[in-house]
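Report on the structure
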Amino acid sequence: MKKADYPVVIVNGDNNDVKVSLTINQKPSKFAFAVIVFIALAILAVSFYCPDLLADLVRWIISIAIGS
């Protein structure tokens, strides 16, 4: 049996005694990490070279994040 064939959540119960075992087989995404690093570097670059545009950049990023 492969490791991927095991269930993600195992619940064993007997009367009032319940044992829950949770197995998570996800690795962090390299793409998400790269996007976060890129955003951080962009904010640092704007804050260093154009500090007056920093507020506009942060508002733009927040508007993209919340989807408006």
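The structure we're discussing is the one just above.
In this report, the structure presented in the accompanying data block is examined. (Residues numbered from 1 in each chain as written. Predicted model: local features only at pLDDT ≥ 70, side-chain atom pairs only at ≥ 80, totals over all residues. Heavy atoms only, no water.)

**Focus: the overall build of the protein chain**
If you tally the helices and strands in the protein chain, you get 2 helices and 2 strands. Along the chain direction, N to C, the helices and strands of the protein chain fall in the order β-β-α-α. Here the protein chain holds 68 residues, and the buried ones make up 1% of them. Accessible surface computed for the protein chain: about 6500 Å², of which carbon and sulfur atoms make up 66%. (Helix = DSSP H or I, 4+ residues; strand = E, 2+ residues; numbered from the N terminus. Buried < 20%, exposed > 50% of the residue type's maximum accessible area, 1.4 Å probe, protein only. Areas by Shrake-Rupley, 256 points an atom, 1.4 Å probe, with all protein chains shown as cover.)

**Some remarks on the packing of helix 1 (residues 30-49) against helix 2 (residues 54-66)**
Taken N-terminus to C-terminus, the directions of helix 1 and helix 2 make an angle of 160°; their axes are 9 Å apart at the nearest point. In terms of orientation, helix 1 and helix 2 fall into the roughly antiparallel class. For the pair helix 1 and helix 2, the crossing hand works out as right-handed. The segment helix 1 lies against helix 2, with Ile-39, Ala-42, Ile-43, Val-46 and Ser-47 engaging Leu-54, Leu-57 and Ile-61. Looking at the contact of helix 1 with helix 2, its residues break down into 7 nonpolar, 1 polar and no charged. (Axes fitted to C-alpha atoms, helices over the stretch in contact; angles between N-to-C directions. Parallel < 35°, antiparallel > 145°, perpendicular 65-115°, else oblique. Left-handed = near helix turned anticlockwise from the far one by under 90°. Contact = heavy atoms within 4.5 Å. Nonpolar A, V, L, I, M, F, W, Y, C, P; charged D, E, K, R; others polar.)

**So, helix 2**
Taking 1.5 Å of rise per residue, the 13 residues of helix 2 would be expected to cover 18 Å, and the 18 Å separating its terminal C-alpha atoms lies within 8% of that figure. Note on helix 2: the residue one or two positions beyond its end, Gly-67, has a positive phi of about 80°. (Expected span 1.5 Å × (residues − 1).)

**A few points about a nonpolar patch on the surface**
There is a patch of nonpolar side chains on the surface, built from Phe-31, Val-35, Phe-38 and Ile-39 and spanning about 420 Å² of accessible area. Relative to the assigned elements, Phe-38 resides in helix 1. Residue classification places Phe-38 among the exposed residues on the basis of a relative accessible area of 61%. (Patch = residues over 30% accessible without salt bridge, like charges linked within 9 Å, V, L, I, M, F, W, Y side chains within 5 Å. Salt bridge = Lys/Arg side-chain N within 4 Å of Asp/Glu carboxyl O.)

**Some remarks on the pattern of salt bridges**
The final tally for this structure, using the stated rule, is 1 salt bridge. In this structure, the salt-bridge partner of Asp-56 is Arg-59, at a minimum N-O distance of 3.0 Å. Remark: Arg-59 and Asp-56 occur in helix 2; sequence separation between them is 3 residues, near one turn of the helix.

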